[in-house]
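Tertiary structure, described
Read off the chains here:
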Amino acid sequence: MSTPTPHTTHYAVAIVGGGQAGLSLSYYLQERGISHLVLEKNTLVHSWRSQRWDSFCLVTPNWQCNLPGWSYAGDDPHGFMVKDQINAWLEGFVAHVDAPALEGVTVHKVARHGDNQPFTITTSQGSFTADQVVVASGGYHKPIVPRLAERLPAHITQMHSAEYRNPQALPEGAVLVVGCGQSGSQIAEDLHLAGRKVFVATGDAPRCARFYRGKDVVDWLADMDYYNLPVTQHPLREGVRDNTNHYVTGRDGGRDIDLRRFALEGMELYGLLTDLQGDSLQFQPNLQAHLDHADGIYNGINASIDKYIAAHGIDAPPGGPYVPVWQPAEERTTLDLAASGITTVVWCIGFLPDFAWVDAPVFNGRGEPVHVRGVTQQPGLYFLGLPWLHTWGSGRFSGVARDALYLAEQIESRIGKLDTNAETAETELLLS
């Protein structure tokens, strides 16, 4: 990290957020000699250190780690880096970029007072101005914890998935994991492998195979060009941004996560958690539907791989649909807290975005930015690092570089236009 010029308060570009997205853009702006400042309220790439559990690992293979000028260079491209390896790789990226950044600075407001005026960025360490602003703070800001949590008995420990670290840090007793997306399913597995009694309140999260017909499913999808599919060509269009990520794991070299198999081993599965009546948790009778939905997506992805293999005459091991190894005998809709021995609840139901500090007319009714490849209708205001900003990889190590390069080009083009307009105005003044 380089130290910004002392007392400088105006920049061509301000980047809010010092994660992989903000640093990727800084890399390309430095290539172009464009003055900029990265503002980070914590430390650079902090979320990978502070919001991941101890056994966390990538769910995509290492070869997809491809930040600007900093691709994975280890000896296991088809493996899955664990938490310490990820952070070591990212620390190398931080040093490689050497961004002009200020850490520990919270941005309170970004606003523009007049169409031709620079943006004012009000922060915990004073105000800055910038001709252009890039919001690169991601889309996971507010941990979702339902109001139901307020009614749970005081003796039950509660935490969000971002706070979970390991089974040993929890009180003795059973654990209820609410949600079965990537975080929920992996935390449930972590607890299960540690010998803890685990209950899971499921949702409609999809799942996918880790390996199929001789290769990682990610490798097949890359061959099928899925990761280059822009959001504008996806069947769901912008609706795909609301999709829950498929659950799978890279743990121990990578494998499927099959909640049905966990159930055979003693994990207890329920449908959607809806209420608490006295000491009894209430669930919808939709566990079977959730499991069937996840398996349907799993088999659908594999079927698309089958079609690709057949169409291209590829010699690959035989495949076939997943056959359920367990079925719920009944739809249980209640769970007594005392009788179950539950002492901890881990909420794994995601995050909400919070862009209230961006004072610009660029949001839809749900508070989400409206943009095309990160470019908003407010000239000079951009977003970067959001899920499906442009492609599947936009919020990941695999695709953020492409998005950052695109925005760097847009920023450079706008600087050229601003300079041309300024020169034209100066010439007209001299001739008047």
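Above: the structure in question.
In short, a report on the structure. (Residues numbered from 1 in each chain as written. Predicted model: local features only at pLDDT ≥ 70, side-chain atom pairs only at ≥ 80, totals over all residues. Heavy atoms only, no water.)

Focus: the sheet that holds strand E11 (residues 174–178)
- Read from one edge to the other, the open sheet built from 5 strands follows the order E10-E19-E11-E12-E15, with strand pairing classed as parallel. A single partner strand is all that each edge strand has here, and the edge strands are strand E10 (157–160) and strand E15 (268–270). Across the sheet, the mean angle separating the axes of adjacent strands is 20° when strand polarity is ignored.
- Here E11 pairs with strand E12 (residues 198–201) via 4 bridges, running parallel. If you follow Val 175 over to E12, its bridge partner there is Val 198.
- Taken strand by strand, helix H4 (residues 182–193) contacts E11, E12 and strand E19 (342–347), and its axis lies near 165° from that of E11. (Pairing = 2+ DSSP bridges. Helix = DSSP H or I, 4+ residues; strand = E, 2+ residues; numbered from the N terminus. Axes fitted to C-alpha atoms, helices over the stretch in contact; angles between N-to-C directions. Contact = heavy atoms within 4.5 Å.)

Let's talk about the pattern of salt bridges
- With the rule as written, the count across this model stands at 18 salt bridges.
- Measuring nitrogen to oxygen at the nearest pair gives 2.7 Å for the salt bridge that ties Arg 49 to Glu 91. Highlighted residues: Arg 49 in helix H2 (residues 47–50) and Glu 91 in helix H3 (residues 83–97), separated in sequence by 42 residues.
- The structure contains a network of salt bridges with shared partners spanning Arg 207, Arg 260, Asp 292 and Asp 295. (Salt bridge = Lys/Arg side-chain N within 4 Å of Asp/Glu carboxyl O.)

Observations concerning the sheet that holds strand E16 (residues 273–277)
- The antiparallel open sheet is built from 3 strands, whose spatial order is E16-E17-E18. The open sheet has two free edges, formed respectively by E16 and strand E18 (334–336), since each of these has just one partner strand. On average, each strand axis in the sheet is tilted by 25° relative to the strand beside it, whichever way the strands run.
- The pairing of E16 with strand E17 (residues 280–283) spans 4 bridges and is classified as antiparallel. For Asp 275, the partnering residue across the bridge sits in E17 and is Gln 282.

Quick look at the side chain of Arg 112
- Within the secondary structure layout, Arg 112 lies in strand E6 (residues 107–112).
- A polar side-chain atom of Arg 112 sits 2.9 Å from the main-chain carbonyl oxygen of Gln 117.
- A distance of 2.7 Å separates a polar atom in the side chain of Arg 112 from the backbone oxygen of Pro 379.
- Not counting residues up to four positions away in its chain, the partners in contact with Arg 112 are Gln 117, Pro 118, Phe 119, Asp 131, Gln 378, Pro 379, Gly 380 and Arg 414. (Polar contact = N/O pair within 3.5 Å; in protein donor to acceptor, adjacent residues only side chain to side chain.)

Regarding the environment of Ala 356
- One can find Ala 356 in the loop between strand E20 (351–352) and strand E21 (358–359).
- You can call Ala 356 exposed: its relative accessible area is 70%.
- When the C-alpha positions of Ala 356 and Leu 264 are compared, they lie 46 Å apart, and in sequence the two are 92 residues distant. (Buried < 20%, exposed > 50% of the residue type's maximum accessible area, 1.4 Å probe, protein only.)

Some words on the packing of aromatic side chains
- In total, this model carries 17 aromatic pairs according to the counting rule given.
- Taken together, a centroid distance of 6.5 Å and an interplanar angle of 70° make the contact between Trp 220 and Tyr 308 edge-to-face. Note that Trp 220 is positioned in helix H5 (residues 217–223) and Tyr 308 in helix H7 (residues 287–311), a separation of 88 residues in sequence. Take Trp 220 and Tyr 308: they sit in the same class, and that class is buried.
- Among the aromatic residues, those joined into a ring-pair cluster are Trp 48, Trp 53, Phe 56, Trp 89 and Phe 397.
- Directly above the aromatic system of Phe 199 lies the positively charged group of Lys 197, at a separation of 5.3 Å from the ring centroid. (Phe/Tyr/Trp six-rings, centres within 6.5 Å; stacked < 30°, edge-to-face > 60°. Lys NZ or Arg CZ within 6 Å of the ring centre and 35° of its normal.)

Focus: H3
- The end-to-end C-alpha distance of H3, which contains 15 residues, comes to 21 Å, matching closely the 21 Å that a straight helix rising 1.5 Å per residue would cover.
- The set of residues buried in H3 consists of Lys 83, Ile 86, Asn 87, Trp 89, Leu 90, Gly 92, Phe 93, Val 94 and Val 97.
- Residues of H3 that are buried sit in contact with helix H1 (20–31), H2, strand E3 (66–67) and strand E4 (70–71).
- Looking one or two residues beyond H3, the residue adopting positive phi is Asp 98, at roughly 50°. (Expected span 1.5 Å × (residues − 1).)

Thoughts on the pairing of E11
- Of all 5 residues in E11, 5 are buried; the element is thus mostly enclosed.
- Of the two faces of E11, both are covered, the one formed by Ala 174, Leu 176 and Val 178 as well as the one formed by Val 175 and Val 177.
- Across 5 bridges, the pairing between E11 and E19 is parallel. Residue Val 177 lies in a different strand from E19, and its bridge partner there is Val 346.
- Each parallel crossover has a hand, and the one from E11 via H4 to E12 is right-handed. (Right-handed = clockwise from strand over helix to strand, strands pointing away.)

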